[in-house]
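Listed below, chain by chain, are the residues.
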Amino acid sequence: MLEQYDEHRLGNSVAVAARIIYRLSKLVPDNMDRSGLFSFFSKELRASFHYDRFSIFLYDAERDFLTAFTAADGTVVEVFSDTRIAQNTVAWQAIQTRKPVVIKNLASLNWGGAVSLASVGLTATIALPLILNRQVIGTLHVSFVRQPDNLVEILNLLQQLSPVLTTFLFVILTEEHDQRLVMAERDGRRNHIELGNESVV
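Per chain, residues are indexed from 1 in the order of the written sequence. Only residues with pLDDT of at least 70 are given local features in this predicted model, and only at 80 or more are side-chain atom pairs given and counted; all residues enter the totals for whole chains, interfaces and linings. The side-chain figures draw on all heavy atoms in the structure; neither hydrogens nor water molecules are used.

### Some words on unusual backbone geometry
Consideration 1: With a phi close to 70°, Asn-88 is a non-glycine residue in the positive phi region.
Consideration 2: Under the scheme used here, helices are H or I runs from DSSP no shorter than 4 residues and strands are E runs no shorter than 2 residues, and both carry numbers assigned from the N terminus. The residue Asn-88 is located in the loop between β4 (83-85) and α3 (90-97) in this model.
Consideration 3: With phi around 50°, Asn-133 is a residue other than glycine that occupies positive phi space.
Consideration 4: Mapped onto the secondary structure, Asn-133 falls in the loop between β6 (124-132) and β7 (135-144).
Consideration 5: Exposure is judged per residue with a 1.4 Å probe applied to protein chains only, and the accessible area is read against the type maximum: over 50% gives exposed, under 20% gives buried, and values in between give partly exposed. Residue Asn-133 is classed as exposed on the basis of its relative accessible area, which comes to 67%.

Below is the structure:
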């Protein structure tokens, strides 16, 4: 049975954000992976308002690439690859302006990212830049088949949550980087030992 949503139930976005942040504060960032963080936010957002697609992208400024943080929740856009050039995407608009982007009529636009979203029936979308130490490290997206009446309240909620999401995102990415370094060092020691054993023989 489909869950029924009251579009006007979001109410005070600051209070809703505070409750979500409080629940998030009970979690230990070091023990959370990508899937866990994404799952937490998707469940909290779905409990607060209806969306048809939720996604997070990481932004590589050096290569100007977007990479999916995890698989999106909701409507599948098959033409989207996990890694793609940032230009000509909705994310790119948020990255360049460093401000939230709200598109209320995707079908009216004729550039790549908007056309791809519209092709699967999505009509409206919100994209926010995730900024840490003045650098855009990713973007957050929610899209809708039908534009919600409380779009402003949804945007306000996402703006309240994005700094906290960005911090947790950074912690997870840092942990992944540190784990890769440990594994590389371990492999290097193993190879060194194996080479040493071969030289003895």
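Next, the rest of the story.
### A closer look at the packing of aromatic side chains
Consideration 1: Ring geometry is summarised as follows: Phe, Tyr and Trp rings, the Trp one being its six-membered ring, pair when their centres sit within 6.5 Å, and such pairs are stacked at plane angles under 30 degrees, edge-to-face over 60 and tilted between the two. Counting across every chain of the model gives four aromatic pairs.
Consideration 2: An aromatic cluster of at least three residues, connected via ring pairs, comprises Phe-38, Phe-49, Tyr-51 and Phe-54.
Consideration 3: Whether a charge sits over a ring depends on NZ of Lys or CZ of Arg being within 6 Å of the ring centre and within 35 degrees of the ring normal. Above the face of the Tyr-51 ring, Arg-46 is positioned so that its terminal group lies 4.1 Å from the ring centre.
Consideration 4: The cationic tip of Arg-84 hangs over the ring face of Phe-80; the distance from NZ or CZ to the ring centre is 4.0 Å.

### Let's talk about the pairing of β6
Consideration 1: Within β6, seven of the nine residues are buried, which leaves it mostly tucked inside the rest of the structure.
Consideration 2: Note: strand β5 (residues 101-103) against β6, three bridges, orientation antiparallel. Bridging from a neighbouring strand, Ile-103 pairs with Thr-125 of β6.
Consideration 3: Here the rule is simple: two strands pair whenever DSSP picks up at least two bridges between them. Relative to β7, β6 is paired through nine bridges, and the arrangement is antiparallel. Bridging across to β7, Leu-128 finds its partner in Leu-140.
Consideration 4: The turn linking β6 back onto β7 is made up of two residues, and Asn-133 within it adopts a positive phi angle of 50°.

### Overview of the nonpolar core
Where a protein is soluble and globular, its nonpolar side chains tend to be buried together.
Consideration 1: Counting residues in each nonpolar core, the largest one holds 36 residues, and the members touching the most others are Leu-37, Phe-49, Phe-54, Ile-126, Phe-144 and Leu-158.
Consideration 2: Counting residues per element, the ones that place at least two in this core are α1 (13-25), α2 (34-48), β1 (53-60), β6, β7 and α5 (151-200).
Consideration 3: Take this core: its biggest share by element is eleven residues, from α5.
Consideration 4: Buried Ala, Val, Leu, Ile, Met, Phe, Trp, Tyr and Cys residues form a nonpolar core when they are joined through side-chain atoms within 4.5 Å. By size, the runner-up hydrophobic cluster in this structure holds twelve residues, among which are Phe-80, Ile-103, Trp-111 and Ala-114.

### Focus: empty space enclosed by the protein
Consideration 1: Only protein atoms enter the 1 Å grid, on which a cavity is a set of points fitting a 1.4 Å probe that cannot get out and a pocket is an open set with protein on both sides within 12 Å along at least 5 of 7 lines, lining residues being those with an atom within 4 Å of a point. Grid points are joined across faces, edges and corners, and a volume is the space filled by probe spheres set on the points. Under the defined criterion, the tally for this structure stands at one cavity of 30 Å³ or more.
Consideration 2: Approximately 110 Å³ is the volume found for the largest cavity.
Consideration 3: Surrounding the largest cavity, 14 residues form its lining, Phe-57, Phe-80, Arg-84, Leu-117 and His-141 being those nearest its centre.
Consideration 4: Secondary structure elements with two or more residues in the lining of the largest cavity: β1, α3, α4 (112-119) and β7.
Consideration 5: Polar here means any residue outside two lists: the nonpolar Ala, Val, Leu, Ile, Met, Phe, Trp, Tyr, Cys and Pro, and the charged Asp, Glu, Lys and Arg; Gly therefore counts as polar. Broken down by class, the residue content of the lining of the largest cavity amounts to six nonpolar, six polar and two charged.

### Quick notes on α3
Every α-helix winds through 3.6 residues per turn, so residues three or four apart in the chain are directed the same way.
Consideration 1: Turning to α3, its buried residues are Val-90, Ala-91, Trp-92, Ala-94 and Ile-95.
Consideration 2: The first or second residue beyond α3 is Arg-98, which carries a positive phi of 60°.

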